[in-house]
Each structure stands twice: as structure tokens, then as C-alpha cells.
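# Remarks on the overall topology
Here are the chains, one letter per residue:
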Amino acid sequence: MPELPEVETLVRGLRAHLIGRRIVAVRLGKTDFIDDPAALERDLPGKRIQAVDRYGKFLLLRLETPDVAPKETTEDADGRYSLVVHLGMTGGLTPQYADQPVALHTHAFFSLDDGRELRYTDIRRFGRLTLVPEAALEAFFCKLGLDPLDTTEEEFRRRLAGRSAMIKALLLDQHNFRGMGNIYCDESLWRARIHPARRAAGLASVQVVRLYRAIRKVLSEAISLRGSSVSDYVDAEGQPGSYQRRHRVYQREGKGCFRCGEKIRRVIVAGRSSYFCPRCQRAPQKRTGQTNRDRRVRAGTPKM
DNA sequence: AGCTCTTCCTGAAAGC
DNA sequence: TGCTTTCAGGAAGAGC
């Protein structure tokens, strides 16, 4: 599933193919995951791809209208849009020659001026395609949290301070940090030796620092290995990544921990399968005879 | 406001 | 063997 390292790898690959290309036609299949299909068909043809960027797990094709007359005074006269793409679980974006066979579940074709077409495939259609005017881009992204690779230790600590939610839920929530999904949360928590169900507010300072470093290490190693291919993720050339070979816990239930040999276990945390080592990552206190009220009081803010 | 659970979708894998 | 059920998960939205 595409998370930060996979989207980053795809973005880097797409740049070589797409920058400077012009979209000449748009064809759509199923459109229930596209915010405004008519807008894509109407506004994309003629636009030139000026840049390809990533924001969290979002991919942006930055577009402009070539040779636009400055005297034109309609609202979108400068033609500055971004096609914003979220790959969801199974989304893929690959440039292909028009005569190459079309993969199943291909729902969007963007014909380019070099005879190729950029194809969007998405088996489960958890992805999203939206055309966002330049002026609305900031608002579109304003709710997203910090990029973990561009965050200081102090900012990271502050973002978790006083939060009573489980640490994994906070890391998965894109409003806190943008880009991490199930794989990289589990891998980072294993590396930091923190159980996914631990409450953020209950973590020791040293643990928070360890987590901060673990996340950055895991994400940057994953980028350098071109991401993890566990289901069907492939890059712009259709090639899989190789970070899945470095996974220490993800989908390793019952296998030995790389640190201590204990059998990796799986529990549901934040509605997700969560893999961890029961010896290296100590579970939070059991609820033995403790009432809900006791727990609320203990998790609350410290007395002044 | 903060937190947690449910829902969407398809195909692979497990269960009977 | 063949059919049915379960599971996987990003993020919006509901509910507490």
C-alpha cells in the first residue's frame, strides 16, 4: 500500500516522464472516486505538466496553460491547477504507450503529447483524483500535519504531548503527521521498542526521542530502497520496491523477532492489524479490576 | 475537542 | 471440488 516512501519513489520516477508534457485528452472509466469528473474532462486538455510533487501521501501534477495570453481575464486565466492524486490502497499511476494492453481496473487515461498516456489504476477505488486551482491548494492541504522527515525533535514531542490516544492511532492520523501508514508505523514502533497500544501521554521522554529517530530512519531507508511492495505497489516503471525485505515485524506474525527471537504477534490497534514483539515492546498496563473512571483520571492532565 | 469505530471496495485466502 | 466468509487498509464521517 502506498505510503510516504512509495509515493516519493513514484513522484521521482514520474518527473522524468511527465515534466514538460502536455495533456491532450482525458478518458475516464468508473468515476465514483473522482471529486468532479466533468472538471477533469473539461479543464485538463491543453494543460502542460510543469512539476510533480508529493505532499504527505498525496501526489501533485502541477499544471499550467502554455502560451496563455495575459490579457485574458477569466478567473482561471493563468490555468494554474494541480491534479491531486491519492493512491488509497491500490492506486497506481504509470505512463504507457497507447497500444500497450490496458490493465484491469484502469479508470483514468490522460493522453500526452508524446503519444503515451498516463493511466490511473485502482482495484479498490479507495484513491482519489481532484483538480484543485492554485489558489485553493493551501486550503486543500491545511488540515494535514507535519512531514516526519521535515520535523524537529521538539516539534515531534510537542505534537504528542498530552495526547491520551494510543500512539499508533496518532501516528496513523494524517492530521498529526502526514505520510505514515500501517507498515511504517509498525516498523518504527518496533525499532523504538514501543507497543502500538501505548498511550502517547504515558511515554517517557527517552521513548519519544527513540520513536522520532526510528521513524526518520525507517522512512529514509525505505525511500532509498524504493518503497515496500507487499500487495501491488509498483513505481513509475512498473517495478516493485524492495524495502519489504527489511520489514522486521509487518506481516511476520509467529516468526522470530530480529532482536530477541520472541515470536512476533498481531493485535488490532486503531482498527488495523498491528505487528509487534511482545518482549521488546511491552504492552500497556492490563485493565485488571480498574474502572473506566480510574483510567480516565490516570490519563488526564497532571495536577497543577 | 478528542478519541474510537464503522464504512467504502475488490480479490486472495481461509473455512466448510 | 466449489461455494461462502473473512480479511486487508486510508480516511471520511458518525457517535460517544
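Residues numbered from 1 in each chain as written. Chains lettered and ligands numbered in written order. Predicted model: local features only at pLDDT ≥ 70, side-chain atom pairs only at ≥ 80, totals over all residues. Heavy atoms only, no water.

### Considering the protein's contact with DNA strand C
The full set of residues close to DNA strand C is Met1, Lys57, His86, Met89, Arg124, Phe126, Gln174, Asn182, Tyr250, Arg266, Arg272 and Ser273. Counting only atoms of DNA strand C within 4 Å of the protein, the sugar-phosphate share comes to 53%. At 3.0 Å, a side-chain N or O of tyrosine 250 approaches a phosphate oxygen of DNA strand C. Serine 273 is positioned with one of its side-chain polar atoms (N or O) 2.9 Å from a phosphate oxygen of DNA strand C. Its residues assigned to classes, the surface near DNA strand C comprises 4 nonpolar, 4 polar and 4 charged. (Near = heavy atom within 4 Å. Polar contact = N/O pair within 3.5 Å; in protein donor to acceptor, adjacent residues only side chain to side chain. Nonpolar A, V, L, I, M, F, W, Y, C, P; charged D, E, K, R; others polar.)

### Digging into the packing of aromatic side chains
In the structure shown here, the tally under the stated rule is 9 aromatic pairs. With centroids separated by 5.5 Å and ring planes inclined at 55°, the aromatic side chains of phenylalanine 156 and tyrosine 212 adopt a geometry described as tilted. You can see phenylalanine 156 sitting in helix α4 (residues 153-160) and its partner tyrosine 212 sitting in helix α7 (residues 205-224), a full 56 residues away along the chain. With a relative accessible area of 4%, phenylalanine 156 lands in the buried category. For tyrosine 212, a relative accessible area of 10% gives the class buried. Feature note: the residues Tyr55, Phe58, Phe140 and Phe141 constitute an aromatic cluster, connected by ring pairs. Here the basic side chain of arginine 27 rests over the ring of phenylalanine 109, its NZ or CZ set 4.1 Å away from the ring centre. Over the face of the ring belonging to phenylalanine 258 we find arginine 248, whose NZ or CZ atom lies 4.1 Å from the ring centre. (Phe/Tyr/Trp six-rings, centres within 6.5 Å; stacked < 30°, edge-to-face > 60°. Helix = DSSP H or I, 4+ residues; strand = E, 2+ residues; numbered from the N terminus. Buried < 20%, exposed > 50% of the residue type's maximum accessible area, 1.4 Å probe, protein only. Lys NZ or Arg CZ within 6 Å of the ring centre and 35° of its normal.)

### Considerations on the confidence of the model for chain A
Considering every residue of chain A, the mean pLDDT works out to 89; 90% of them sit at 70 or more. Across chain A, strand β2 (residues 48-55) holds the top mean pLDDT of 97, while helix α8 (residues 292-299) sits lowest at 36. Here residues 287-304 scores under 50 on pLDDT; set against residues more than four positions off or in separate chains, the count is 4 contacts. (pLDDT = per-residue confidence, 0-100. Contact = heavy atoms within 4.5 Å.)

### Structural notes on the protein's contact with DNA strand B
In the neighbourhood of DNA strand B, the contacting residues comprise Lys30, His105, Ile123, Arg124, Arg125, Phe126, Arg163, Ser164, Ala165, Met166 and Arg199. When atoms of DNA strand B within 4 Å of the protein are sorted by moiety, sugar and phosphate together comprise 70%. A distance of 3.2 Å is found between a phosphate oxygen of DNA strand B and a side-chain nitrogen or oxygen belonging to arginine 125. In this structure, serine 164 approaches DNA strand B through a main-chain N or O atom, which is 2.8 Å from a phosphate oxygen. Class assignment of the residues belonging to the surface near DNA strand B gives a composition of 4 nonpolar, 2 polar and 5 charged.

### So, the sheet that holds strand β6 (residues 106-112)
If you walk across this open sheet you meet the 4 strands as β1-β6-β7-β5, and the pairing is antiparallel. Either end of the sheet is taken by a strand with one partner, and the two such strands are β1 (23-28) and β5 (91-97). The sheet shows a mean angle of 20° between the axes of neighbouring strands, direction not considered. The strands touched by helix α1 (residues 4-18) are β5, β6 and β7 (116-122); relative to β5, the strand with the most contacts, the crossing angle is about 25°. (Pairing = 2+ DSSP bridges. Axes fitted to C-alpha atoms, helices over the stretch in contact; angles between N-to-C directions.)

### Observations regarding the pattern of salt bridges
If charged atoms from side chains of opposite charge come close, those side chains can pair. Counted according to the given criterion, the structure contains 22 salt bridges. With a shortest N-O distance of 2.7 Å, arginine 54 and glutamate 8 are connected by a salt bridge. Of the two residues, arginine 54 sits in strand β2 while glutamate 8 sits in helix α1, which places them 46 residues apart along the sequence. Owing to a relative accessible area of 12%, glutamate 8 belongs among the buried residues under this scheme. The partner of arginine 279 in a salt bridge is glutamate 262, and the shortest N-O contact between them spans 2.8 Å. Taken as a pair, arginine 279 in the loop between β10 (272-276) and α8 and glutamate 262 in the loop between α7 and β9 (265-269) lie far apart in primary sequence, 17 residues in all. (Salt bridge = Lys/Arg side-chain N within 4 Å of Asp/Glu carboxyl O.)

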